[in-house]
Structures are given as C-alpha cells and as structure tokens.
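Notes for the structure review
Single-letter residue listing:
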Amino acid sequence: MEKQQGRKFVPGSMPTGSMLLELVYKHLEEQAAADDSGETDLAAEEEALLHGGNQDYPHQLTHAVDNLHESSVISICCWPGDNSRAVTGSGNGLVQLLDYARDEFEWRYHSNAGGILSLALQPTAEQSKMLLLAGSMDGSVTLLDAHTGTVLTRHKAHAKYCVRVRWSPDSSHCVSCSWDHTMAVLTHSTSTDEPSLQLQKSTTYLSQVQDVEFIPGAEPSDQLLAVALKNTNYLRLFDVHELKEHSKVNMNAMGDDHVSFSASHLAVSPCQRYLLVSTDGSRIIMFRLKDWTQTRNFYGLSVEEKFHQPCAAWHKSSFYIFAAAAAGHVYVFHVGTTKVWGPKSVLLLCLVAAYRLTPLLAVGGSSTQGSSEERESAGL
C-alpha cells in the first residue's frame, strides 16, 4: 500500500493505527472507484444491447443462384471487402469462386479428396495474393490460390472428416479440426518453388472436435483458440503460439460438471466482445470474452431433424444473430432481448454473414445459393 499511495510509513509521526487506517481507506477508495467504473461500462454495454438495432437485418431472399453445384452445397465463405463474390464447396468435391452479382464462375476446381466441409479465405492478405484453405472429407487440408483455384499444396492432417479450417488473425498459422478427435496447428510457406503446409502440432482430445475459433486479443499476433468438443461441458482454450492448452471454460452457469449439451459451432462477434456457442440442442449461449461470463441464452430453435447441423452468424452491428433451424429455417434473434424477430425459410447447412458488408449468405441441402439483403427502411 505504501508503494501504491506514494507515502512512507514513518514510526512516531502519528499513531500507528491511524496511519495504517489512512493507507487502508485510501486503498479501498481506489478499489471502489475502479469497481464503479467497471460497473458503469457493463451498464452502458447492456443498454446498448437492449436498445441497439433498428430492424435493419436481412429479411427476405433477393437473389438465388440455381444449379450452383451438382450435389449439395456444404461450405461457403465471403470474399473480404467484396460483397459480390463468394467461394463455395460441395459434397462432390467441387470448389468454385462465384460472382453472384453476375451469376458467373471465375474458376472451378474439383478435388479428389471428397466433399468440401469447410473453407477459409486468408484475412490479412493483399487482394492480389489471397490464399484459400479447404477442409475435406478425407481429412486433408488443401491450400489454393484464391484468384485462380490453383492447388498449391495439400496436407493430410486428419484420419477422418476435416470439419473446420481457420486462419489466425495475422495469417501466420492455420488450424484444422476433425471428428478423429484431433486439432492440428499448421504454418504455410508460398515463398519457395514448392509451397507447403507444415504441421506444428497435432493435439488429441477424448472426443470429436466440432469447431475451433480464434479469440480476439490485444494484438493480431495473439493466438488464443477456442476448441469445441463433443460430450463435454467445457470449451478448451489453446495457445497457438505456445502450442499448449491455456485453460478451459465451463459452459454450465452453475459451475457443475453435468453434461447436458456440448458446443457444436463457434462465432466471434464483429465487435469482438462476445463468443456465440451453438449447442447440439436448441440452445445458443453468448459469452462475454472479457471475463467469460454468460450474458445471454437464446432458446426456441426448432431442431427436430435427426441430422441437424448447428450454425449461427452475427449481423455486422452485433445486435442480431442468425441461426440455422429445422425445416430449412433461419431464425433471427435480437441479441439484447433474446427474442426471435423472424424465422425465414432457406434450406441450409452453412450460414455466413458478411458482417462488414450487406448480404447474408445461406447454402446447403440443394444446389442453390441464396442471398438476403438488409431492408432499406426500419419498418417491418
């Protein structure tokens, strides 16, 4: 306390008890001021969530591309900074870059590694040097030139389905996960005549790895990864830089270890304050990343289908979320009130909100891709 207060205890200058109490009270006052500031910030945050949004979320299908693939469209990712292009992948291994404003394909690539379960475009690349990751049913991760569809290299990272591929925020690493219980951390090199993906570490868990998502840090080089596992009530946090587990988060609000659900899909909010966890049931949980507290629970999704594929996406404002439900519906939730503001019918397996742009893209179940734009007015 002497160091914090900048004062030195001098015996005899005043009664010992008085001097100690003065230091204690000063310390408590500073703590109270800091606590009040934190409470004020949380109150302002809650106020913004409750009253945020003016019903400007995508609400109707404005464009559909028929005969996009010969088999079901399984994966999609939006081209950064361009609201007219997207990369799609299908069950027969076809990957293609689509200009859906003109209904034209810029390139097509057919993989012999099975269906394309996940796609990820490099987040920090120059527009002329974009790279693309593709995760396949045979467990492989393929690195492609996103402009031409040329395969640069491939790595057999898993023994079973590679269900997710992700780039780190600074593009220095890429991560994949699989139903073979493994999560792989890789680095890439395209500066030589032989581009490569190098495995840094493969981590084996006790159950299927459902999803992975990088957690925003103070710097782009911060490399903390959230790992969603089947049949556990914990999220595992993995330090990609140190290549070891960092900690774990109990998703049970009461802190017990009862397993009544598990995480299936993860999505960080555009404001980078929250993590959305879609469970294998009808519940979606929102965590505040600052302290890992549950701030919202969303209920009401219809998930009667036997093979429901949980997935969710954020609106660019962070005031709405879009969630996949049974019978090909997309549910729109208002984050502040957790109310359902509108289920929309789109048959899908994958849902992507280009939150820096305008459209919401939904694909799957058929060979059609749909685009839903934001309403121009605030009225219903």
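Residues numbered from 1 in each chain as written. Predicted model: local features only at pLDDT ≥ 70, side-chain atom pairs only at ≥ 80, totals over all residues. Heavy atoms only, no water.

1. Description of the packing of aromatic side chains
Stated formally: Working definition: a ring pair exists when centres of Phe, Tyr or Trp rings (six-membered ring for Trp) sit within 6.5 Å. Plane angles under 30 degrees give stacked, over 60 give edge-to-face, the rest tilted. Only DSSP runs of H or I covering at least 4 residues are called helices, and only runs of E covering at least 2 are called strands; the numbering of each starts at the N terminus. Using a 1.4 Å probe on the protein chains alone, a residue whose accessible area is under 20% of its type maximum counts as buried, one over 50% counts as exposed, and one in between counts as partly exposed. Counting as a charge over the ring demands two things of the Lys NZ or Arg CZ atom: a distance within 6 Å of the ring centre and an angle within 35 degrees of the ring normal.
Overall, the coordinates contain five aromatic pairs when judged by the stated rule. With centroids separated by 6.4 Å and ring planes inclined at 20 degrees, the aromatic side chains of Y274 and W314 adopt a geometry described as stacked. With Y274 in strand β19 (residues 274–279) and W314 in strand β22 (residues 312–314), the pair connects residues that are 40 residues apart, well separated along the chain. As far as the burial class goes, Y274 and W314 line up, both buried. Ring centres of F298 and F333 lie 5.5 Å apart, and the angle between their planes is 65 degrees; on these two criteria the pair is classed as edge-to-face. Remark: F333 occurs in strand β24 (residues 329–334) and F298 occurs in strand β21 (residues 293–298); sequence separation between them is 35 residues. Owing to a relative accessible area of 0%, F333 belongs among the buried residues under this scheme. In this arrangement the basic side chain of R85 is found over the ring face of W79, its NZ or CZ atom lying 4.2 Å from the centre. Across the ring face of F105, the terminal group of R108 is positioned such that the distance to the ring centre comes to 3.9 Å.

2. A few points about the side chain of N252
Worth spelling out the cut-off: Contacts are residue-level and defined by heavy atoms, with any inter-residue pair within 4.5 Å sufficient.
By the secondary structure assignment, N252 is in the loop between β17 (244–250) and β18 (263–268). Not counting residues up to four positions away in its chain, the partners in contact with N252 are N233, D257, H258, F261 and Q294.

3. Quick word on the environment of P310
Mapped onto the elements, P310 comes out in the loop between β21 and β22. Accessibility expressed as a relative area gives 17% for P310, which makes it buried. For the pair P310 and A323, spaced 13 residues apart in the sequence, the C-alpha separation amounts to 7.7 Å. Ignoring sequence-local partners within four residues, the contact set of P310 consists of S264, H265, S278, T279 and D280.

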